Each structure stands twice: as structure tokens, then as C-alpha cells.
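# Topology and contacts: notes
What follows is each chain in one-letter form.
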Amino acid sequence: MDAPAPKPVLTAAARRRALAVILMTVVINMIGVGLAWPILPKLIQTMGSGTVSDAAAAYAIIGTIYALAQFLFSPLIGMISDKFGRRPVMLVTLAGLTVDYIFAALAPTLVWLAFARLVGGIFGATVTTANAYVTDISAPEERARIFGLIGAAFGAGFILGPLLGGILGEIDIRLPFYAAACLGALNLVFAFFFLPESLDEDRRRTRPDWREANPLASLRKIARFPALMPLLIALLITATAQRGLEGTWVLYTEFRFGWGLREAAWSLAFVGLMYVIVQGFLVGPVVRRIGDWPTVITGFAVSCLSLALYGIATTGWMVYPLIALYVIGNGLGAPALTAICSKSVDGDRQGQLQGTLQAINAMAIVIGPLFASLVLAHVSSVDPIVNVPGLWFIGGAFVFALAVVLAVRARPR
């Protein structure tokens, strides 16, 4: 049974303004992320031997440090926002990300860069707080559409971010990190002056159980909702496949298609454009037309097909139609899945839920890039035992097929 809609904190006009501000905050944040993301593997590559195989192995370690920090701190960030409100948490995380970019820009060694990623993981809970924010200002039936708008905001930032990152990275490999730090500081100022609080005093958790800040304890707490368990498993395994794809994309396209930084940046910008189209304009109408559950099932089935085709693609031009196909599937399925989860939890637990969902995503960031990088390091080595360049993508197709089965079985009769 769906949880009752929370009492509105803001007027309808104020909620629209607040939504516009949080979306703009996410856009600016993702421009900064998009600036730095495609450059990080290349920066690691310049600090080592220069080979794709060695860079992939080093990236696996550094990415795991980032993901573990996010996994450990995301539930705590979610609970703090339930206790003290969304606005102060959003400001602190934006400030922390700005510091992360400065550390990465100045990093002289891989150890320094790993420390920068540790800082980024601790303060990388912007997604958690933004999702909790929109649940505060929206009715349950609106959440799939609004989560889609959050995804579109991510995509909008990712259109411009990688393009600028590719251009600036060819001038100086560290320049995109300085630019991301400047954007982070700008975003902090913007949020400070224009972002209102969304969680009213009487809806905050007055006596939070801080033991739930343990990510495993938080997961056990959510496990008390039996209807959520197959959905959380589906979220974990699909996010693992996607995080692995994202984490190795720049190095994989260099290995498989001979792409440079500019080509990889253009492809990531296209990913952002597709997410804007799908999550900004398709999620709401599709969910209204066929419902949350069919959207999840159909979307994940489409993603399964696209990943299988990724695994056998042999030339770079094939990538663009497959990106479009994958984003249509996952861009529809993921917001609908998040909306189903949010409808199953009371309003005063949304921060905890979003923190748990982010912790699951952080688990995927630990598992996905780590194993995808190790797989890439193997298949790109001189004499691989399993000589299948697209091995991770083919495995991802099986994962999404399993997610379809889980969603079909979990769907209410």
C-alpha cells in the first residue's frame, strides 16, 4: 500500500520555484562532474605507464576508494537531512565537492588523486539530498515524472560538461578540474541564496536512530518492507552493470575503437542529450500511459538488448544508435523504479530511503567499476585468456534480463 502523501510545506507556486532551483543546482553540479569524469582515467594514464591495461587496473583501485566512501557516508547524509533539513546538507556537500576538484587538479601522484576521490566520495551525496528534496515537495503520483526531471537535469549537465572537458583537457589535462572547482563554488553561492528549505520542522525526525547510519543497518531497516526487496536487488544489479560501463567507457573506447579524448567526450555529451530527451519528455507521459511497473519491465528489457549489441559492436559508428537505445530503456525504467520505492515509505523516512538507495548505488560503484576495470585490464592485455573485448557488456545484458524477471515477479497481481 502506498504511503500517504506528505503535508505540503510550500505553496504550489513556491514548490514550482523550489523545483526549478533544485533542478538548476543539479545541472550546474553535473556540468562539473561531466568536466572531470572523462578526464580522470586519462589523468591516471599519464601518471602510470600509459597503457590501457595498467590505467584500468589503477582506476579500479581509485574508483573503489571513492565508492566505498560514498557507500559508508550516504546513509548518514540521508539521516542528517531527515533531522536538520535538506538545505544545510546540500550546501555542505556542494562545498565538499568543490574541495575535491581542487585536490584532484593539484594531485602530483596517484596517492594524492586517491585522497581527492576519498573526499569526493564522502561529500558526493548531492543525489541523495536532491531526491529527498523532490519527495518533500511532490505528491506520490508526481514522483516518477519529477525523478525523470532530475534525470533530465543530470543529462543537461552532461551535455555541456564532457564537451568542455574534452576541449579543456586537450589544452591541459588538469584544466577541467580547475573549471569544475569554479563551477562548484558558483553552485554553492547559487544554492545559498536561492534554495529554500523543503522539510518543515514538524516533519523532521526528532529522535533518529543513529545506528541506521551504518549502511548495512540501513539496508536491514529497509528490508523490513518485503515488497521492496526484489526492487532493491534489481536496482543493485542494474546499477552495477551501468556503473561498470560508465567507469571504463573512456578507456574501453580507446582500446576497442581507437578513440581519443575528444571522441569519448562527444559520445558522453550524446548520452547527456539522450537523457534530457527521455527523462525530460518521455518518462511522465509513458508512466501515465502504461504505469510504473510496465515502464520498469519494458525499459530494462530494452537495456538488455542494447547491452548485448554493445558487446558485439566492432566500429565506433555503431555506438551512437546503441547509446540511444540504452538510454531509452534505462532512462525510462530507473525513474519509475525509484518512484515505486518512494511510494512504499512514509514521508519522514524519505531521506533514509534515498540514503539507502544511494548506498545501493555506491555498492554498485564499488562492484561495477572495480570488476569492469579488471575485466578491461584483462581483455586489453597482450595475451588474454578470455579474448572477448565486449565481455562486460555481454554480462550486463544477462544482468538486465535478471532484473526483468525480478520486476515481473514483484509486480502486484
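Above this text you will find the structure in question.
Attention in this report is confined to the structure presented alongside it. In this text, all values refer to a predicted model and were calculated from it rather than measured experimentally.

### Structural notes on the packing of aromatic side chains
- Under the definition given, this model contains twelve aromatic pairs.
- With centroids separated by 6.5 Å and ring planes inclined at 40°, the aromatic side chains of tryptophan 259 and tyrosine 320 adopt a geometry described as tilted. Pair noted here: tryptophan 259 is in the loop between α10 (229–257) and α11 (261–290) and tyrosine 320 is in helix α13 (residues 319–343), with a separation of 61 residues, a long-range link.
- Note on tryptophan 259: relative accessible area 12%, which makes it buried.
- In this structure tyrosine 320 comes out as partly exposed when scored by relative accessible area, which is 28%.
- Aromatic ring contacts, followed pair by pair, group Trp249, Tyr252, Phe257, Trp259, Phe270, Tyr310, Tyr320 and Phe393 into a single cluster.

### Describing the environment of alanine 67
- Structurally, alanine 67 is set in helix α3 (residues 52–84).
- Placed 53 residues apart in sequence, alanine 67 and glycine 120 show a C-alpha to C-alpha distance of 9.3 Å.
- For alanine 67, the contacting residues outside a window of four places in its chain are Ala362, Ile365 and Val366.

### Points about the packing of helix α12 (residues 292–312) against helix α15 (residues 391–410)
- Look at α12 against α15: their axes get within 7 Å of each other, and the N-to-C directions meet at 165°. Classified by the angle between their axes, α12 and α15 sit roughly antiparallel to one another. Between α12 and α15 lies a crossing of left-handed hand. Residues Trp293, Val296, Ile297, Phe300, Ala301, Ser303, Cys304, Leu307, Ala308, Tyr310 and Gly311 of α12 form the contact with α15, whose own contacting residues are Phe393, Ile394, Gly396, Ala397, Phe400, Ala401, Ala403, Val404, Ala407, Val408 and Ala410.
- When grouped by side-chain class, the residues that make up the contact of α12 with α15 number 19 nonpolar, three polar and no charged.

### A few points about the environment of arginine 117
- Summarising the element assignment, arginine 117 is placed in helix α5 (residues 110–122).
- Along the primary structure arginine 117 and isoleucine 62 are separated by 55 residues, whereas in three dimensions their C-alpha atoms are 7.0 Å apart.
- Not counting the four nearest positions on each side in its chain, arginine 117 is found in contact with Leu40, Ile62, Tyr66 and Asp100.
- Side-chain polar atoms of arginine 117 contact the side chain of aspartate 100, separated by 2.7 Å.

### Topic: the nonpolar core
- With 101 residues, the main nonpolar core has Ile22, Leu113, Phe177, Trp249, Leu307 and Tyr310 as its most contacted residues.
- Broken down by element, the residue count for this core peaks at twelve residues, all from α13.
- Not counting the four nearest positions on each side in its chain, leucine 113 is found in contact with Leu40, Leu43, Ile44, Met47, Ile62, Ala104 and Ala107.

### Quick look at the pattern of salt bridges
- Overall, the coordinates contain six salt bridges when judged by the stated rule.
- Close ionic contact of arginine 262 with glutamate 170 constitutes a salt bridge, the shortest N to O distance being 2.6 Å. A residue pair is termed long-range when its members are at least 10 positions apart, and arginine 262 in helix α11 and glutamate 170 in helix α7 (residues 143–171) qualify at 92 residues.
- Glutamate 246 is the partner of arginine 243 in a salt bridge, and the nearest nitrogen-oxygen pair spans 2.8 Å. Of the two residues, arginine 243 and glutamate 246 are both situated in helix α10; the distance of three residues between them amounts to about one turn of the helix.
- A network of salt bridges, in which partner residues are shared, links Asp82, Arg86 and Asp136.

### Concerning a nonpolar patch on the surface
- On the surface, a cluster of nonpolar side chains totalling about 370 Å² of accessible area is made up of Ile102, Leu106, Trp112 and Tyr178.
- Along the polypeptide, isoleucine 102 turns up in helix α4 (residues 86–106).
- Classification of isoleucine 102 as partly exposed rests on a relative accessible area of 39%.

### Let's talk about the side chain of threonine 93
- Mapped onto the elements, threonine 93 comes out in helix α4.
- Looking at threonine 93, the relative accessible area reads 1%, which means it is buried.

### Quick look at the packing of α4 against helix α8 (residues 175–194)
- In the contact formed by α4 and α8, the axes pass within 8 Å of each other and the chain directions differ by 165°. One way to sum up the angle between α4 and α8 is to call them roughly antiparallel. Where α4 crosses over α8, the handedness of that crossing is left-handed. Two secondary-structure elements touch here, α4 through Arg87, Leu91, Leu94, Ala95, Thr98, Tyr101, Ile102, Ala104, Ala105 and Leu106 and α8 through Phe177, Tyr178, Ala180, Ala181, Gly184, Ala185, Asn187, Leu188, Ala191 and Phe192.
- Its residues placed into classes, the contact of α4 with α8 shows 16 nonpolar, three polar and one charged.

Calculation rules
- Residues numbered from 1 in each chain as written.
- Predicted model: local features only at pLDDT ≥ 70, side-chain atom pairs only at ≥ 80, totals over all residues.
- Heavy atoms only, no water.
- Phe/Tyr/Trp six-rings, centres within 6.5 Å; stacked < 30°, edge-to-face > 60°.
- Helix = DSSP H or I, 4+ residues; strand = E, 2+ residues; numbered from the N terminus.
- Buried < 20%, exposed > 50% of the residue type's maximum accessible area, 1.4 Å probe, protein only.
- Contact = heavy atoms within 4.5 Å.
- Axes fitted to C-alpha atoms, helices over the stretch in contact; angles between N-to-C directions.
- Parallel < 35°, antiparallel > 145°, perpendicular 65-115°, else oblique.
- Left-handed = near helix turned anticlockwise from the far one by under 90°.
- Nonpolar A, V, L, I, M, F, W, Y, C, P; charged D, E, K, R; others polar.
- Polar contact = N/O pair within 3.5 Å; in protein donor to acceptor, adjacent residues only side chain to side chain.
- Core = buried A, V, L, I, M, F, W, Y, C linked by side-chain atoms within 4.5 Å.
- Salt bridge = Lys/Arg side-chain N within 4 Å of Asp/Glu carboxyl O.
- Patch = residues over 30% accessible without salt bridge, like charges linked within 9 Å, V, L, I, M, F, W, Y side chains within 5 Å.
- Areas by Shrake-Rupley, 256 points an atom, 1.4 Å probe, with all protein chains shown as cover.

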